[in-house]
Number of protein chains: 2
Amino acid sequence: MPADPARTQTSSDTAGPLAVIAGSGALPRVIAQTLSGRGREVLVIAVEGEAEADFSPFRTIRLPIGAASRLKTALRSGGCRDVLFAGAFRRPRLSEIEFDLNTMKLALSSILKLRYGGDDRVLGGVARIFENEGFRIVGPREAVPELLAPEGPLGRYKPNRQARDDIAVGVAAIAQMGALDIGQTVAALDGRVIAVEAAEGTSAMIDRCGELKASGRLPRGGSDGVVVKMVKPGQELRLDLPVVGTETIEAVARAGLAGLAVEAGGVLLVGVDAVREAADRAGIFVHGVAPPVAGK
Amino acid sequence: MPADPARTQTSSDTAGPLAVIAGSGALPRVIAQTLSGRGREVLVIAVEGEAEADFSPFRTIRLPIGAASRLKTALRSGGCRDVLFAGAFRRPRLSEIEFDLNTMKLALSSILKLRYGGDDRVLGGVARIFENEGFRIVGPREAVPELLAPEGPLGRYKPNRQARDDIAVGVAAIAQMGALDIGQTVAALDGRVIAVEAAEGTSAMIDRCGELKASGRLPRGGSDGVVVKMVKPGQELRLDLPVVGTETIEAVARAGLAGLAVEAGGVLLVGVDAVREAADRAGIFVHGVAPPVAGK
């Protein structure tokens, strides 16, 4: 269960600056702005080669990926105990990781495990490394709950009956695949799963649906198809919350799909207004669905 | 459980010519040759726009897809009771299907169901239509068991320890996804599923693995990765047996993967020698693995 956002927010607001470790995409900047707009001080750690956004006016330190010792120093001298990862990062190579004597033993054993892990296990390992150094990993769900997808239709368009059926198929498929550490996002059309995301990423999977529809390999005259993005069972939510931005909306529209279903309270929108406006402009729905009942 | 091939073979060898309804790819011709080499008479029904192979010297009738009435007439006048589907077919449009009064009612109700079904349900419907007309659908497993993948290594190369670990991950993933009517084929690398086949087909999925490897988004220095192709639980085996041909082998090699694991006794090779030679030439393994224990 997620922590109560209201309570946690109050305690973290008194905990000094929050460090946003910024990877690629628009999310790190949107999170920094959201926190700052609420009065929380922010320090941005922009990971070189990943974070390409302009982070002014926030205090920003640029570090290469894997610069673990310098990161620790920067966080300590910035007075940050709370650390939030935002945006996408490539996995660093072992040779890129800076060690100091304190972190070396733990980091090495964790990283050796990471090599053979899926995303969930890798991220759990990263979280443990930070926690062992006395930092607190703060998830976006806790830090910026106002960016979470609301339940029901976000914009002007709503799923029709066929789309609702396809959404149910997608939700069930993700629930069943969750334990496999794949399939956070699927596409369904005419009651059938037509694409499953694994390592290729959401955008590539959505583009593939457009190619499949154009190829004539899918049945015609049925539903337009939907994309469904949910939180996986067991997902490391502080480090790997599913994210939807305007480029996701544009990809769904370009693929000729009817819309996008997202887990209400589970998928982060970058940002809420930008996603709503993009969906209305593209003529697709974005619909927040309740998570499936646990244990079913 | 598959029927005992030896016993069934004897009974079907006395049942008049076997009709091979031929779609695209090399499989229909290989099956016709295999049966004919064993003395079974063959009638090829080449579906226009799909079957592009040269079927001489076999008696061949060309029919458009969906020509159900003409097909029935051709099978009856050819003295065929046994019908084998081989190769790939696109789903016919409703407007392409020829009806006669006898088949209309059944066919219509089945086809309306098919619209909303995954492959397994569609194929089950096709089988019922033929069976209701007094034909017997013969699967390749029964008709040409000599084309099934054997257990263990097929050619010169064998999976190393990393590849065997990846194969186990892929086998487990397919078993878990089977009830979803997707995921007959997956790719695994470094202990993680990196691609799942849904509607795009095996070749497109394998090509995607090559792109993923080239993109640097996957961990380096670990395993090369494997493709795993198994029979799905509940799969309509008479109409939809998984098939591996030389083009699959070439795709696996082109993607930089270490090899291909197939379900022993479950995946059809087109043909056994051609696949072995292609694998040896490409420097990859083809390894037959036992199906996972049912009910686990």
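This one's a predicted model, so the numbers in the text were calculated from it and none came from an experiment.

The rules we used
Residues numbered from 1 in each chain as written. Chains lettered and ligands numbered in written order. Predicted model: local features only at pLDDT ≥ 70, side-chain atom pairs only at ≥ 80, totals over all residues. Heavy atoms only, no water. Helix = DSSP H or I, 4+ residues; strand = E, 2+ residues; numbered from the N terminus. Buried < 20%, exposed > 50% of the residue type's maximum accessible area, 1.4 Å probe, protein only. Polar contact = N/O pair within 3.5 Å; in protein donor to acceptor, adjacent residues only side chain to side chain. Contact = heavy atoms within 4.5 Å. Axes fitted to C-alpha atoms, helices over the stretch in contact; angles between N-to-C directions. Parallel < 35°, antiparallel > 145°, perpendicular 65-115°, else oblique. Left-handed = near helix turned anticlockwise from the far one by under 90°. Nonpolar A, V, L, I, M, F, W, Y, C, P; charged D, E, K, R; others polar. Pairing = 2+ DSSP bridges. Salt bridge = Lys/Arg side-chain N within 4 Å of Asp/Glu carboxyl O.

1. Some words on the side chain of serine 223 of chain B
Residues and elements named next belong to chain B. Relative to the elements of secondary structure, serine 223 occurs in the loop between α8 (202-215) and β9 (226-229). Take serine 223: its relative accessible area is 7%, and that puts it in the buried class. Separated by 2.6 Å, the side chains of serine 223 and aspartate 166 make a polar contact. Among the polar contacts made by the side chain of serine 223, one reaches the main-chain amide nitrogen of aspartate 190 at a distance of 2.7 Å. Contacts of serine 223, omitting those with residues within four sequence positions, involve Gln162, Asp166, Leu189 and Asp190.

2. Regarding the packing of helix α9 (residues 246-254) of chain A against helix α10 (residues 272-282) of chain A
All names here are of chain A. Here α9 crosses α10 at 20 degrees, and the two axes come no closer than 9 Å. The angle between α9 and α10 places the two elements in the roughly parallel class. Between α9 and α10 lies a crossing whose hand is right-handed. Between α9, through Thr246, Ile249, Glu250 and Ala253, and α10, the contact on the second element is made entirely by Ala274, Val275, Ala278, Ala279, Arg281 and Ala282. Along the lines of polarity and charge, the residues of the contact of α9 with α10 split into seven nonpolar, one polar and two charged.

3. Observations concerning α10 of chain A
One turn of an α-helix holds 3.6 residues; hence residues three or four places apart share an orientation. All names here are of chain A. Looking only at α10, the buried set comprises Val272, Val275, Ala278, Ala279 and Asp280. Residues of α10 that are buried in the fold lie against β10 (243-245), α9, β12 (268-270) and β13 (285-289). Just past α10, the residue glycine 283 takes up positive phi, approximately 75 degrees.

4. Some thoughts on the pairing of strand β8 (residues 192-196) of chain A
Residues and elements named next belong to chain A. Extensive coverage of β8 is indicated by the burial of five of its five residues. With four bridges connecting them, strand β7 (residues 185-189) and β8 associate as antiparallel partners. From the neighbouring strand, alanine 188 faces β8, where its bridge partner is valine 193. The antiparallel pairing of β7 with β8 creates a hairpin that spans two residues between the two strands, and aspartate 190 there sits at a positive phi of about 55 degrees.

5. Some words on the sheet that holds strand β6 (residues 152-153) of chain B
All names here are of chain B. The strand order across the open sheet built from six strands is β6-β13-β11-β9-β7-β8, with neighbouring strands paired in mixed fashion. Edge strands, defined here as strands with exactly one partner in the open sheet, are β6 and β8 (192-196). With four bridges connecting them, strand β7 (residues 185-189) and β9 associate as antiparallel partners. Bridge pairing links threonine 185 to lysine 229 in β9. Where α8 meets the sheet, it contacts β7, β8 and β9, and its direction lies at approximately 130 degrees from that of β8.

6. What about the pattern of salt bridges?
One side chain can pair with another of opposite charge once the charged atoms of both are near each other. Residue and element names in this part refer to chain A. Counted according to the given criterion, the structure contains 25 salt bridges over all chains. The closest approach of N and O atoms between glutamate 146 and arginine 38, which form a salt bridge, is 2.9 Å. Within this pair, whereas glutamate 146 is found in the loop between α6 (140-143) and β6 (152-153), its partner arginine 38 is found in the loop between α2 (27-37) and β2 (42-47), the two being separated by 108 residues in sequence. A relative accessible area of 40% places glutamate 146 in the partly exposed class. Assessed through its relative accessible area of 26%, arginine 38 is described here as partly exposed.

7. Observations concerning the packing of helix α8 (residues 202-215) of chain A against α9 of chain A
Residues and elements named next belong to chain A. At a closest axis distance of 8 Å, the pairing of α8 and α9 adopts a crossing angle of 15 degrees. As far as their axial angle goes, α9 and α8 are roughly parallel. Our pair here, α8 against α9, has a crossing hand that is left-handed. For the pair α8 and α9, contact is made by Thr202, Ile206 and Asp207 and by Thr248, Ala251, Val252 and Arg254, respectively. Of the residues contributing to the contact of α8 with α9, the split by class is three nonpolar, two polar and two charged.

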